[in-house]
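Chain by chain, the residues run as shown.
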Amino acid sequence: AVIDAFAALSVVDLLVDDALTVTGVSTFGGGTSISTAGVLSLEAGGSLTTAAGNDLNIVYPDGRSLFFKEAGTTTLTLDNAQGATFAGVVTANAGVVVDEMTLDADTLTATDTFTVDAASTITLDSATSGNLSLKVSGTLYASLYHDSNHLHIKSQISDGDLKLQGVDGGSLVTALTLDMSDAG
């Protein structure tokens, strides 16, 4: 059956056993549901919206995953364990927070101890300057850099000594001190 309602159509309960095509702006109140085999399709440029201040809830009560597809290819999967799988690059222009870490532009910030743990080599590579700066609370205290194929280790604190320390028989010892206040 075809129902053509030019002005408005108000239906209290509607059960459709086949395809239902609605054109134009449509409002569904109460709990709108689609059967387990049903598919909700939006035409090009279509959108699903709720009234201002309300959330749009898409619920899979039996713990299945929710898939977002484009041209038949899955681009995003939301699984029942609150996980998300993206098929491509994730762009977040306002930063990304993971546990206690925030990545924003070119800065990675940790709110606690930061550990780099690799199964193999850890490489720090600066494309042009070759500088590695060591800071505490934003204050530079040392740097490592190269110049004319030489490695430089520099104390950045005025008159701050360089010390080479190790453990001898369970005790900390200073094997070498370069006294910067006395020109090294």
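Just so it is clear, the model here is predicted, and its values are computed rather than measured.

**Regarding the overall build of the chain**
Then comes step 1: Within the chain, the regular secondary structure consists of 0 helices and 11 strands.
Then comes step 2: Secondary structure elements of the chain, listed N to C terminal, follow the sequence β-β-β-β-β-β-β-β-β-β-β.
Then comes step 3: Looking at the chain residue by residue over its 184 residues, the buried ones come to 3%.
Then comes step 4: A separation of at least 24 residues holds for 0% of the contacts in the chain among residues at least 6 apart in sequence.
Then comes step 5: Of the roughly 16600 Å² that the chain leaves accessible, carbon and sulfur atoms contribute 52%.

**Topic: the sheet that holds strand β2 (residues 73-78)**
Then comes step 1: If you walk across this open sheet you meet the 3 strands as β1-β2-β3, and the pairing is antiparallel. Both outer strands of the open sheet, β1 (66-70) and β3 (84-86), are each paired with one neighbouring strand and no more. Ignoring which end each strand starts from, the neighbouring axes of this sheet average 25 degrees apart.
Then comes step 2: As judged from the 5 bridges shared by β1 and β2, these two strands associate in the antiparallel manner. Note on β2: the bridge partner recorded for phenylalanine 68 is leucine 76.

**A closer look at the side chain of serine 143**
Then comes step 1: Inspection of the secondary structure assignment puts serine 143 in strand β8 (residues 139-147).
Then comes step 2: Reaching out from serine 143, the side chain makes a polar contact with the side chain of glutamine 156 at a distance of 2.7 Å.
Then comes step 3: Dropping the residues within four chain positions of it, serine 143 is found in contact with Leu132, Ser133, His152, Ile153, Lys154 and Gln156.

Definitions and cut-offs
- Residues numbered from 1 in each chain as written.
- Predicted model: local features only at pLDDT ≥ 70, side-chain atom pairs only at ≥ 80, totals over all residues.
- Heavy atoms only, no water.
- Helix = DSSP H or I, 4+ residues; strand = E, 2+ residues; numbered from the N terminus.
- Buried < 20%, exposed > 50% of the residue type's maximum accessible area, 1.4 Å probe, protein only.
- Contact = heavy atoms within 4.5 Å.
- Areas by Shrake-Rupley, 256 points an atom, 1.4 Å probe, with all protein chains shown as cover.
- Pairing = 2+ DSSP bridges.
- Axes fitted to C-alpha atoms, helices over the stretch in contact; angles between N-to-C directions.
- Polar contact = N/O pair within 3.5 Å; in protein donor to acceptor, adjacent residues only side chain to side chain.

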